[in-house]
Amino acid sequence: MDSTLLTYRQLTRDMTRSLSAKAAEKPVALESAYYLKHIGKVTGIEGFLKDTRLFTYAMKAFGLEDMAYAKGYMRKVLKEGVTDPKSFANKLNDDRFKAFAKVFDFQGLGAAATRLPDAGQKVVDRYVRQALEVDQGTSNEGVQLALYFQRQAPTVKSVYGLLADPALWKVTKTIFDFPDAMAAAPIEKQAKAVKAQMNIADLKEPAKLDALLRRFSAKWDVAQTMSATPVLDLFSARTSSAASFSILNLKYGG
């Protein structure tokens, strides 16, 4: 198997080509065609949630596929929107929910929300990128994690965003050698430990982000070589979802 860094470099060297190839694959192309054909016909939250195929596609595009079953939870996210600083989505530590509610802004735009470019081709682009990452994970989860971190980390507003997302946290933990036992500490202490090691603003600087990913790739490959223990599936494990739920609701008082 090629090293994590080598594979990551090969994919990102011409990301446009990598994404075009993934978008052309039949399963991806069929789901994308269905989404584009039907999303503009959705006029409200209930219609969106009712079409499970459509809704699941959108959730996967934002990396929220594990939460596609939680329609009551997502109804609240969409109903309250993002305009009010005290809305449900704005109180969650995971910025993916806020991004989802911002694109599907039924609260602010009503029926027009699904007819804007952000809810159309841009969601498809997100979906294709997700599909590429998941596909890479079948042969090397380190590559999947690196691609995800490259895409998602720059959007994180605070260290709590890293802690709330199992995949972002796995990369962060690997980079800085945080022990597994750290998960038992109060969330405030975990956040303090992360802040002591990194400036969250560095994630928005390509050069610094690249340096972090080089460090991650090297440590990931060493760890996989030294251990034959199967790696935790961060993207679908039930335990990860449960842990995320508890972190997501910290600010909300859940």
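In this text the structure is predicted, and so the values were computed from the model without any measurement.

Considerations on the nonpolar core
So, step 1. Formed by 39 residues in total, the largest nonpolar core has its most connected members in Y35, F48, Y73, V77, F100 and F104.
So, step 2. Looking at this core, the elements with two or more residues in it are α3 (26–38), α4 (45–50), α5 (52–61), α6 (71–80), α7 (88–91), α8 (95–103) and α10 (121–137).
So, step 3. Among the elements that take part in this core, α5 stands out by supplying six residues, more than any other.
So, step 4. Discounting chain neighbours no more than four positions away, the residues touching F104 are Y35, I39, F48, A58, F62, L78, A113, A119 and V123.
So, step 5. Ranked by size, the runner-up nonpolar core spans 33 residues in total, among them L132, V159, I175 and L213.

A look at the side chain of S32
So, step 1. Mapped onto the fold, S32 is located in helix α3.
So, step 2. In contact with S32, not counting residues within four places along its chain, are Y57, V124 and Y127.

Re the pattern of salt bridges
Any two side chains of opposite charge can pair, so long as their charged atoms come close to each other.
So, step 1. The final tally for this structure, using the stated rule, is 15 salt bridges.
So, step 2. The partner of K122 in a salt bridge is D118, and the shortest N-O contact between them spans 3.0 Å.
So, step 3. Note on K122: relative accessible area 48%, which makes it partly exposed.
So, step 4. Residue D118 is classed as partly exposed on the basis of its relative accessible area of 39%.
So, step 5. The network of salt bridges with common partners includes R9, D210 and R214.

Structural notes on the confidence of the model for the protein
So, step 1. Of all residues in the protein, 89% attain a pLDDT of 70 or more, and the chain-wide mean is 87.
So, step 2. Here residues 237–243 scores under 50 on pLDDT; set against residues more than four positions off or in separate chains, the count is seven contacts.
So, step 3. Under a pLDDT of 50 for its full length, residues 250–254 has, in the predicted model, eight contacts with residues more than four places off or in other chains.

Description of helix α1 (residues 4–13)
So, step 1. For α1, the set of buried residues is T4, T7, Y8 and L11. The arc that holds every buried residue of α1, seen down its axis, measures 100°, which confines them to one face.
So, step 2. Looking at the packing, one finds that the buried side of α1 touches α2 (15–24), α10, α11 (141–152) and α15 (206–226).

Section: the packing of aromatic side chains
So, step 1. As enumerated under the stated definition, the model contains 15 aromatic pairs in all.
So, step 2. Residues F48 and F55 carry aromatic rings whose centres are separated by 5.5 Å and whose planes lie at 90° to one another, so their mutual orientation is edge-to-face. For the residue pair F48 and F55, the accessibility class agrees, reading buried in each case.
So, step 3. An angle of 15° between the planes, with centres 5.7 Å apart, marks the rings of W169 and F178 as stacked.
So, step 4. You can call F178 buried: its relative accessible area is 11%.
So, step 5. An aromatic cluster is defined as three or more aromatic residues linked by ring pairs; in this entry it consists of F48, F55, F62, F100, F104 and F106.
So, step 6. The ring of Y34 is capped by R53, whose NZ or CZ atom sits 4.0 Å from the centre of that ring.
So, step 7. Positioned over the ring face of F88 is K76, at 5.5 Å from the centre of the ring.

Quick notes on the rules
- Residues numbered from 1 in each chain as written.
- Predicted model: local features only at pLDDT ≥ 70, side-chain atom pairs only at ≥ 80, totals over all residues.
- Heavy atoms only, no water.
- Core = buried A, V, L, I, M, F, W, Y, C linked by side-chain atoms within 4.5 Å.
- Buried < 20%, exposed > 50% of the residue type's maximum accessible area, 1.4 Å probe, protein only.
- Helix = DSSP H or I, 4+ residues; strand = E, 2+ residues; numbered from the N terminus.
- Contact = heavy atoms within 4.5 Å.
- Salt bridge = Lys/Arg side-chain N within 4 Å of Asp/Glu carboxyl O.
- pLDDT = per-residue confidence, 0-100.
- Arc of directions from axis to C-beta.
- Phe/Tyr/Trp six-rings, centres within 6.5 Å; stacked < 30°, edge-to-face > 60°.
- Lys NZ or Arg CZ within 6 Å of the ring centre and 35° of its normal.

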